[in-house]
Number of protein chains: 2
Amino acid sequence: MNTDFIPPQSDLNIRLARVQQLLKAAGGDAALISTDVNIYYLTGIVFAGYIYLPAEGEPLWFVRRPSDLKGERVISNRKPEDIPTALKKRNIPVPETLFWETDQITHNEFLRLEAALHPARTGNMTSLLRKARMIKTPWEIEQFRFSAAKHAEVYGLVPSLFRKGMTEIAFQIEIERVMRKNGSIGMFRTFGANMNIFMGSLLSGKNADTPSPFDFALGGRGIHPCLPIGASDDLIAEGSTVIIDFTGNFTAYMSDMSRVYSFGKLPEIAYRAHQVSVDMHCRLMEETKPGTACSDIYNRMFDIAGKSGFATNYMGFSQQAKFVGHGVGLDINEPPVLTERSNDLLQPGMVVAFEPKFVLPDIGAVGIENTYLVTDSGLEKLTVCEEGIIELAKNG
Amino acid sequence: MNTDFIPPQSDLNIRLARVQQLLKAAGGDAALISTDVNIYYLTGIVFAGYIYLPAEGEPLWFVRRPSDLKGERVISNRKPEDIPTALKKRNIPVPETLFWETDQITHNEFLRLEAALHPARTGNMTSLLRKARMIKTPWEIEQFRFSAAKHAEVYGLVPSLFRKGMTEIAFQIEIERVMRKNGSIGMFRTFGANMNIFMGSLLSGKNADTPSPFDFALGGRGIHPCLPIGASDDLIAEGSTVIIDFTGNFTAYMSDMSRVYSFGKLPEIAYRAHQVSVDMHCRLMEETKPGTACSDIYNRMFDIAGKSGFATNYMGFSQQAKFVGHGVGLDINEPPVLTERSNDLLQPGMVVAFEPKFVLPDIGAVGIENTYLVTDSGLEKLTVCEEGIIELAKNG
């Protein structure tokens, strides 16, 4: 195991302190945390069980599996009903106001925990954890840098994987393999329902305009009706774009990046629309600093799209997405969201993907996505990689 | 799109009738269904929104996305708060007893739906749907046959992918690619928390004994602490087994199959333990018929394992799984579960994976997993593929 992937205790302490401060401010005595994503966030490992997190003091780990996890704060635990007894043994009163991940645990899990611990009041730990996770720690930022650099490396290899006569899915599979060979963890964590996809999206020609049930920027038909998103078995036709939007999951912290390739020359309109997206990224870099409102970014970009002549193609054609960017982290869709109604202001330590795209029916999608770190002075681009449309050689 | 993947209306009608019968028997007036897995089960497609399913009569589809989904029963819908008005427009009273997927939707989704529809009573639609889905329809069974045949075809290619000097993860990546090239949908649906894995598991030597937080038969360290399961970056050593357990997700209905390969000759104990598993499968085929209790199967197999001399290796060594098989379908872990405390009896139309495995520290895991269809007279093996330990040639 690469120990670089294990966060130092000092970094975990920053997170713990931030989460405990939010919990205390919200009036919580303690939280019980059971989702693997938040257990990983707070401990650097994954176990099945619960973190018992008091608003002040040391957390306890109630662990069902793995059987070999030992340590001072580890309490072997088969079921939540045993937690009150374990707390009493340690002279910890069962908390009156208990927070749990009510945007993540099922209703029946909630009822079971409530019956086991019967707190007087409960609160939403999901929203506090998402708020804490929105501001990345120094170690987390290094994980993004590592992911983004690998991500750029793999995208550099993409043209060499193309062969004339390939279907979208055939091209996608070769990219998946190179992603994995370069260390992609494979898993694609998303928050909330209706966010299924497998590793990433590759869309060409008219499939880029296929509406999807899922809440991503673009759709696509997929290869099976049970997962209607992304690459299809359509042949990649000459004169169409290929947009690639994979997750840079080379660490637990994902960069998000889209790039556009062309099979042969494209109609001139495609290069113009693509340039609008590239220009939007330049504007974003120039005009954004800590304190910039996410809704302002959305609205300014919406205006630019409108004036560009590509308003009907912006963020989809048949179905248009209502956001132009989103926070990334352990989930691909974290706060803040760059949308019309956001109340969030950008803050140093946020990591945000910005993805203005245009769908040109029959040609395909154009536009790029980059992941940016909000610094004290502005934005730092993490996904540094050729941004123009790259023509694919007609190999093979 | 391959139209063979679209279920005929007659088959959907069987499912609808079964689910409505269960709903009526449980005292429900209607159900609101929002998970993609159950929407796919009832419609053959996936959309973001809700199925409004009355205990009698035609369902309505409240659809948020995709925008191009049209039809007689489709009602465009932005949020659940709009559902009561839409029902009233159609002279449908808001139901008094409303079932929803309380083992799948989050607590906060439940609260939102409750506030929007304020039923007098609510019930658990997850358990009714899992009960209905447990008995597969004729079309579903054909989907399993298709998946299982492809699954066997890919496993036949596995030896050709091995090269001396490979790590577990390098071997796994080549299998992933061949799975995908043969039509694997990629996505691996699981039910419940703590069931993460990427595509499948490949374990060799001592990594087969690494306890994992996840509730699968075997563990493994994985390549990153945020997903501690399956293949690691350990070299595959001579004298060790390689056990492969991928999901046959070539349709939405997944077959489950494990096979064992060896790099060079193994100690004799490995072949003996493997034969115990193969014999268990023969016993299962001989002794099982509709009406057999799942707990009986578990207990009989536990006894055989005990008498074989491999009790301490059965279903893990450092951490032992408490089941020896499970239903499969749209999720890889469906009822019934072959466990000590199951109350289920096998019924025709169930599809069950049986996976008696033995972990031999330092050598690796042995034993096979097959997927069986319960027929009127017994079991039919769906995953037909060489069952002995296959020695990998030292290519390259």
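Cut-offs applied
- Residues numbered from 1 in each chain as written.
- Chains lettered and ligands numbered in written order.
- Predicted model: local features only at pLDDT ≥ 70, side-chain atom pairs only at ≥ 80, totals over all residues.
- Heavy atoms only, no water.
- Helix = DSSP H or I, 4+ residues; strand = E, 2+ residues; numbered from the N terminus.
- Rg over C-alpha atoms; globule rule 2.2 N^0.38 Å.
- Buried < 20%, exposed > 50% of the residue type's maximum accessible area, 1.4 Å probe, protein only.
- Areas by Shrake-Rupley, 256 points an atom, 1.4 Å probe, with all protein chains shown as cover.
- Least-squares fit on C-alpha atoms with pLDDT ≥ 70 in both.
- Contact = heavy atoms within 4.5 Å.
- Buried area = accessible area lost by both parts, 1.4 Å probe.
- Salt bridge = Lys/Arg side-chain N within 4 Å of Asp/Glu carboxyl O.
- Polar contact = N/O pair within 3.5 Å; in protein donor to acceptor, adjacent residues only side chain to side chain.
- Pairing = 2+ DSSP bridges.
- Axes fitted to C-alpha atoms, helices over the stretch in contact; angles between N-to-C directions.
- Core = buried A, V, L, I, M, F, W, Y, C linked by side-chain atoms within 4.5 Å.
- Disulfide = S-S within 2.5 Å.

**Side note on the overall build of chain A**
When its secondary structure is counted, chain A shows 9 helices and 17 strands. Relative to the globule expectation of 21 Å for 396 residues, the C-alpha radius of gyration of chain A, 23 Å, shows essentially globular dimensions. The buried share of chain A, taken over its 396 residues, is 63%. A total accessible area of about 14500 Å² is found for chain A, and carbon and sulfur atoms account for 52% of it.

**Examining the relation of the copies chain B and chain A**
Note on the identical chains: chain B maps onto chain A by a rotation of 180 degrees and an axial translation of 0.0 Å, with an RMSD of 0.0 Å. The relationship between the two copies is best expressed as a two-fold rotation axis. Counting the interface residues of chain B, we find that 100% of their copies in chain A are interface residues as well, pointing to one common contact surface.

**Thoughts on the interface of chain B and chain A**
Accessible area lost upon the coming together of the parts is a frequently used measure of interface size. Every contact between the two is made by 64 residues of chain B and, on the other side, 64 residues of chain A. For the chain B and chain A pair, buried surface summed over both sides reaches about 5300 Å², with 58% attributable to carbon and sulfur atoms. Counting every contact that joins chain B to chain A gives 8 salt bridges. Among the salt bridges present, the one from R180 of chain A reaches E176 of chain B, with a minimum N-O distance of 2.6 Å. Counting every contact that joins chain B to chain A gives 21 residue pairs in polar contact (both at pLDDT 80 or more).

**Quick notes on the pattern of salt bridges**
All names here are of chain A. Taken as a whole, this structure holds 54 salt bridges over all chains when the rule is applied. One salt bridge connects E334 with R133, and the closest N-O pair in it is separated by 2.8 Å. Residue E334 is located in strand β11 (residues 334-339), and its partner R133 is located in helix α5 (residues 125-134); the two are separated by 201 residues in the primary sequence. The pair formed by E334 and R133 is uniform in burial state, with each residue classed as buried. Of the charged contacts in the structure, one is a salt bridge between R145 and E142, with a shortest N-O distance of 3.1 Å. Of this pair, R145 and E142 both sit in helix α6 (residues 138-161), 3 residues apart, which is roughly one turn of the helix. Its relative accessible area of 30% is what places R145 among the partly exposed residues. In the salt-bridge network here, residues are joined through shared partners; they are R133, K136, D331 and E334.

**Thoughts on the sheet that holds strand β6 (residues 121-124) of chain B**
Residues and elements named next belong to chain B. What the 6 strands build is an open sheet, ordered β4-β3-β2-β1-β5-β6; its pairing is mixed. Bordering the open sheet on either side are β4 (74-76) and β6, each of which pairs with just one other strand. With direction set aside, neighbouring strand axes in the sheet form an average angle of 25 degrees. Bridge analysis of strand β5 (residues 97-100) against β6 gives 4 bridges, and the strand direction is parallel. Bridge assignment links T97 to a residue of β6, and that residue is R121. The strands touched by helix α2 (residues 36-43) within the sheet are β1 (30-33), β2 (48-54) and β3 (60-65), with β2 carrying the most contacts at an inclination of about 55 degrees.

**Description of the nonpolar core**
Judged by nonpolar contacts, the single largest core of 152 residues is most densely connected at M125 and F171 of chain A together with M125 and F171 of chain B. Here M125 of chain A is in contact with V19, L23, A31, I33, L53, F99, W100 and E101 of chain A, once residues within four sequence places are set aside.

**Brief notes about the pairing of β2 of chain B**
Residue and element names in this part refer to chain B. Of all 7 residues that make up β2, 7 are buried, and the element is covered over most of its length. Relative to β2, β1 runs antiparallel, the two being bridged by 4 bridges. Each residue of the ladder has a partner; that of L32, found in β2, is Y52. In the sheet, β2 pairs with β3 via 5 bridges, with the strands oriented antiparallel.

**Concerning the state of the cysteines**
Residue and element names in this part refer to chain A. As enumerated under the stated definition, the model contains 0 disulfides over all chains in all. C282 takes part in no disulfide bond, and the closest cysteine sulfur to it belongs to C385, at a distance of 15 Å. Judged by relative accessible area, C282 falls into the partly exposed class, the value being 39%. Between C294, a free cysteine, and C282, which holds the nearest cysteine sulfur, the sulfur-to-sulfur gap is 20 Å. Since its relative accessible area comes to 0%, C294 is described here as buried.

**Digging into the environment of P138 of chain A**
Residue and element names in this part refer to chain A. Position of P138 relative to the elements: it lies in helix α6. Residue P138 is classed as exposed on the basis of its relative accessible area of 52%. Along the primary structure P138 and D11 are separated by 127 residues, whereas in three dimensions their C-alpha atoms are 7.4 Å apart.

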